[in-house]
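Structural features, examined
Listed below, chain by chain, are the residues.
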Amino acid sequence: MAPEIVFGKKDPAIQYKKRIGAYIVIPDLSEENILVVSPPNKTFLLPGGGIEAGEDDTTTILRELIEEVGGTITINCYLGAASEYFYSTFRHSGYYHPAHFYSGKEFSKIQEPLEGDFNQISWMPVKEAQQKLKRPTHRWAVKQWLQRPQN
């Protein structure tokens, strides 16, 4: 079994809430840009989010895509798992956030995003995304996507 990939350091003075997530790298047809979500705090994240009760990774990703970008996708590759310890100044809480990462193809917009007045979505060049994505686990996932075997 591969060792757990963990970003951040666990501070013994902080009680961490465990929040498991699932996220996806969505390239455009040229594979030169990926879809990113920017919440009101003006950071950049991969589409996806926390797994809710009764959901698996796929269900979470498909739900989050409707909420965040109003689209759907074919999930075609598991990129791996990585975790992060971080402190949210917005929520005033520490989080331990293990997450599973996937890539997809054939993205299509099917409706307006349910969170359209909340998030901004954009296509960002891959190299720029590798620098601007807020979470180190998301940057790691893009690196895994770039290194994946080509079909």
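None of the values given here were measured: they were computed from a predicted structure. (Residues numbered from 1 in each chain as written. Predicted model: local features only at pLDDT ≥ 70, side-chain atom pairs only at ≥ 80, totals over all residues. Heavy atoms only, no water.)

Turning next to the confidence of the model for the chain. Residue-level pLDDT values for the chain average 93, and 97% of them are 70 or greater. When the elements of the chain are averaged for pLDDT, strand β9 (residues 120–125) gives the smallest value, 94, and strand β3 (residues 21–25) the largest, 98. (pLDDT = per-residue confidence, 0-100. Helix = DSSP H or I, 4+ residues; strand = E, 2+ residues; numbered from the N terminus.)

Another point: helix α1 (residues 57–68). Since the α-helix packs 3.6 residues into each turn, any two residues three or four apart lie on the same face. Between its first and last C-alpha, α1 extends 16 Å over 12 residues, near the 16 Å set by a 1.5 Å rise per residue. Residues of α1 that are buried: D57, T60, I61, R63, E64, L65, E67 and E68. Here the buried face of α1 lies against β3, β4 (33–38), β5 (48–50), β6 (71–88), β8 (99–109) and β9. Of the residues that open α1, the one with a side-chain oxygen 3.3 Å from the backbone nitrogen of T58 is D56. (Expected span 1.5 Å × (residues − 1). Buried < 20%, exposed > 50% of the residue type's maximum accessible area, 1.4 Å probe, protein only. Contact = heavy atoms within 4.5 Å. Polar contact = N/O pair within 3.5 Å; in protein donor to acceptor, adjacent residues only side chain to side chain.)

Another point: the nonpolar core. Core analysis: the biggest nonpolar cluster contains 18 residues, and V25, I34, L46, F101, L133 and V142 have the highest contact counts within it. At the level of secondary structure, the elements contributing two or more residues to this core comprise β3, β4, β6, β8, α2 (126–132) and α3 (136–147). Residue contributions to this core peak at four residues, all from α3. Residues contacting L46, with those up to four places away along its chain left out, are Y23, I24, V25, I34, L35, F101, L133, H138, A141 and V142. (Core = buried A, V, L, I, M, F, W, Y, C linked by side-chain atoms within 4.5 Å.)

Another point: the pattern of salt bridges. A side chain with one charge may pair with a side chain of the opposite charge, provided their charged atoms come close. With the rule as written, the count across this model stands at eight salt bridges. Between R63 and E55 there is a salt bridge, with the nearest N and O atoms lying 2.5 Å from each other. Side by side, R63 and E55 carry an identical accessibility label, which is buried. Residue R135 is joined to E84 by a salt bridge in which the shortest nitrogen-to-oxygen separation is 3.3 Å. With R135 in the loop between α2 and α3 and E84 in strand β6, this residue pair connects regions lying 51 residues apart in the sequence. Each of E52, E55, R63, E64 and E67 takes part in salt bridges that share partners, so that together they form one network. (Salt bridge = Lys/Arg side-chain N within 4 Å of Asp/Glu carboxyl O.)

Under the definition given, this model contains seven aromatic pairs. Ring-pair connections join several aromatic residues into one group, and the members of that group are Y16, Y85 and Y96. Above the ring of F86, the side-chain terminus of R135 is found at 3.7 Å from the ring centroid. (Phe/Tyr/Trp six-rings, centres within 6.5 Å; stacked < 30°, edge-to-face > 60°. Lys NZ or Arg CZ within 6 Å of the ring centre and 35° of its normal.)

Pairing between β3 and β8: five bridges, direction parallel. If you follow A22 over to β8, its bridge partner there is H100. Looking at chain direction, β6 and β8 are connected through nine bridges and run antiparallel. Residue pairing in the sheet places T74 in a bridge with K105 of β8. (Pairing = 2+ DSSP bridges.)

Where strand β1 (residues 6–7) lies against β6, two bridges are found, and the strand directions are parallel. Paired with V6 across the strands is S83, a residue of β6. Across four bridges, β6 lies against strand β7 (residues 93–96) in antiparallel orientation. Bridging from a neighbouring strand, S88 pairs with S93 of β7. Between β6 and β7, which follow one another and run antiparallel, lie four residues, and H92 among them has a positive phi close to 55 degrees.

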